[in-house]
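# Working through the structure, step by step
Residue strings, one per chain:
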Amino acid sequence: MEYLDFELPIKELQEQYEKACKIGEESDVDVTNTCKQIEKKLKETKKDIYKNLTPWQRVQLSRHPNRPYTLDYIKAICGDSFLELHGDRNVKDDKAMIGGLGKIGDQSYMFIGQQKGYNTKTRQYRNFGMANPEGYRKALRLMKMAEKFGVPVVTLIDTPGAYPGLEAEERGQGEAIARNILEMTRLKVPIIVVIIGEGASGGALGIGVGDSVLMLENTWYSVISPESCSSILWRSWEYKEQAAEALKLTATDMKKLKLIDTIVKEPLGGAHSDREGIYTIVAKEIEKSFDDLKNLSPTELVEKRMDKYSEMGVFKG
């Protein structure tokens, strides 16, 4: 397990606990009480640390190398029922954007999401989770297919942004994202959006319009990353913590501003500390959201979605 800077007290206690247990196993010394004391202290330290996280610390947690990615969620939630679909029928298959049909219980869903890599090789293969225009066009193709067959759409957001390269701009990156936002507002099936990691810029918005927008506790959602914001305003990355505070990018801030619908509580220590726990929580939240939406007619769905997004940013004096 890798630990972030602010998690080092947890690392020390974890190591002490493991050493004490090992001594107990290898000798006749009774260390039961010592282990219990360390375990108790470990729980208290975890509670203290994760209860008082700063926005920047939540950004760090959202990028934790052990944090589960889109395919981890899909495979855990759908099991063998997931069938991945490829290609945008135009340019190629974008490996940073994945999608396909899968089941939760007896209900089929069209899953779409950005996928990051686990090591240098897979990160390059997945383009670090940054989709090209063909990725957004593939996502739109799958959404239209879901609409045709009356299948609800679930999108999982985890991207540092859409790919900003020259070739992406040449193939219409801005147009592809704008087209997706337009088409998603009027899609005639329920759309459930889950932010599972980084929700940065238009890269996230390209699959982020939904009837129910869920945001995991230790994730962020913003037009710009704290580092980029810091480099623009202060000409340096050193002020990223201040930028994270000012951007109001945490789940709590998003809920307060009515830009998301639900904050999904993560297990103590973050999603990476209890993978099975977070898979179960997310599956239940998706089912719960679908239950709230399944009885609405296509017209009601679109009207409610349009109203929801029209009201964002409106302040009454």
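Residues numbered from 1 in each chain as written. Predicted model: local features only at pLDDT ≥ 70, side-chain atom pairs only at ≥ 80, totals over all residues. Heavy atoms only, no water.

## Brief notes about the overall build of the chain
Looking only at helices and strands, the chain features 14 helices and eight strands. Scaling as 2.2 N^0.38, a compact globule of 317 residues should have a C-alpha radius of gyration of about 20 Å, and the chain matches this with 21 Å. Seen through its principal axes, the chain has C-alpha atoms that stretch 70 × 50 × 50 Å. The proportion of buried residues among the 317 residues of the chain is 50%. In the chain, the share of contacts with a sequence separation of at least 24, taken over all contacts with a separation of at least 6, comes to 71%. (Helix = DSSP H or I, 4+ residues; strand = E, 2+ residues; numbered from the N terminus. Rg over C-alpha atoms; globule rule 2.2 N^0.38 Å. Buried < 20%, exposed > 50% of the residue type's maximum accessible area, 1.4 Å probe, protein only. Contact = heavy atoms within 4.5 Å.)

## Structural notes on a negative patch on the surface
The grouping of Glu-300, Glu-303, Asp-307 and Glu-311 at the surface amounts to a negative patch. You can see Asp-307 is positioned in helix α14 (residues 298–310). In this structure Asp-307 comes out as partly exposed when scored by relative accessible area, which is 45%. (Patch = residues over 30% accessible without salt bridge, like charges linked within 9 Å, V, L, I, M, F, W, Y side chains within 5 Å. Areas by Shrake-Rupley, 256 points an atom, 1.4 Å probe, with all protein chains shown as cover. Salt bridge = Lys/Arg side-chain N within 4 Å of Asp/Glu carboxyl O. Lys, Arg positive; Asp, Glu negative; His and termini not counted. Charge placed at Lys NZ, Arg CZ, Asp CG, Glu CD.)

## Here's the deal with the packing of helix α6 (residues 133–148) against helix α8 (residues 173–185)
Axis separation between α6 and α8 bottoms out at 8 Å; the angle between their running directions is 20°. Here α6 lies roughly parallel to α8, going by the angle between them. For the crossing formed where α6 meets α8, the hand is left-handed. Between α6 and α8, the residues in contact are Pro-133, Tyr-136, Arg-137, Ala-139, Leu-140, Met-143 and Lys-144 and Gln-173, Glu-175, Ala-176, Ile-177, Arg-179, Asn-180, Glu-183 and Met-184, respectively. Classifying every residue of the contact of α6 with α8 by side-chain character gives eight nonpolar, two polar and five charged. (Axes fitted to C-alpha atoms, helices over the stretch in contact; angles between N-to-C directions. Parallel < 35°, antiparallel > 145°, perpendicular 65-115°, else oblique. Left-handed = near helix turned anticlockwise from the far one by under 90°. Nonpolar A, V, L, I, M, F, W, Y, C, P; charged D, E, K, R; others polar.)

## Considering the nonpolar core
The biggest cluster of nonpolar side chains holds 32 residues, and the ones touching the most others in it are Met-110, Ile-112, Met-143, Val-153 and Tyr-221. Of all the secondary structure elements, the ones that give two or more residues to this core are β3 (107–114), α6, β4 (153–159), α8, β5 (191–200), β6 (212–216) and α12 (251–256). In terms of residue count, the dominant contributor to this core is α6 (five residues). Those residues in contact with Tyr-221, other than ones at most four positions away along the chain, are Ile-157, Ile-195, Gly-199, Ala-204, Leu-205, Gly-208, Met-215, Leu-249, Met-254 and Ile-260. Among the nonpolar cores identified, the runner-up in size contains 27 residues, and Cys-78, Phe-111, Ile-196 and Leu-301 belong to it. (Core = buried A, V, L, I, M, F, W, Y, C linked by side-chain atoms within 4.5 Å.)

## What to know about α6
Counted at 1.5 Å a residue, the expected span for α6 with its 16 residues is 22 Å, and the 23 Å between its end C-alpha atoms agrees. Burial in α6 covers these residues: Pro-133, Glu-134, Gly-135, Tyr-136, Lys-138, Ala-139, Leu-140, Arg-141, Leu-142, Met-143 and Ala-146. If you follow the buried residues of α6, they end up packed against β2 (97–104), β3, β4, α7 (166–170), α8 and α9 (201–205). Positive phi appears at Gly-150, one or two residues downstream of α6, with a value of about 70°. (Expected span 1.5 Å × (residues − 1).)

## Considerations on the environment of Glu-7
Take Glu-7: it is sitting in the segment before α1 (8–26). Owing to a relative accessible area of 2%, Glu-7 belongs among the buried residues under this scheme. Sequence-wise, Glu-7 and Gln-57 are 50 residues apart; in three dimensions their C-alpha atoms are separated by 10.0 Å. Once you skip the residues sitting within four places of it in the chain, Glu-7 turns out to touch Glu-2, Tyr-50, Leu-61, His-64, Gly-269 and His-272.

## Comments concerning unusual backbone geometry
Most peptide bonds are trans, and most residues other than glycine sit at a negative phi. Phi is positive for Phe-128, which is not a glycine, with a value near 60°. Note that Phe-128 resides in the loop between α5 (120–125) and α6. One non-glycine residue, Arg-235, lies in positive phi territory at about 55°. Within the fold, Arg-235 resides in the loop between α10 (226–234) and α11 (240–247). According to the relative accessible area criterion, Arg-235 is exposed, its value standing at 71%.

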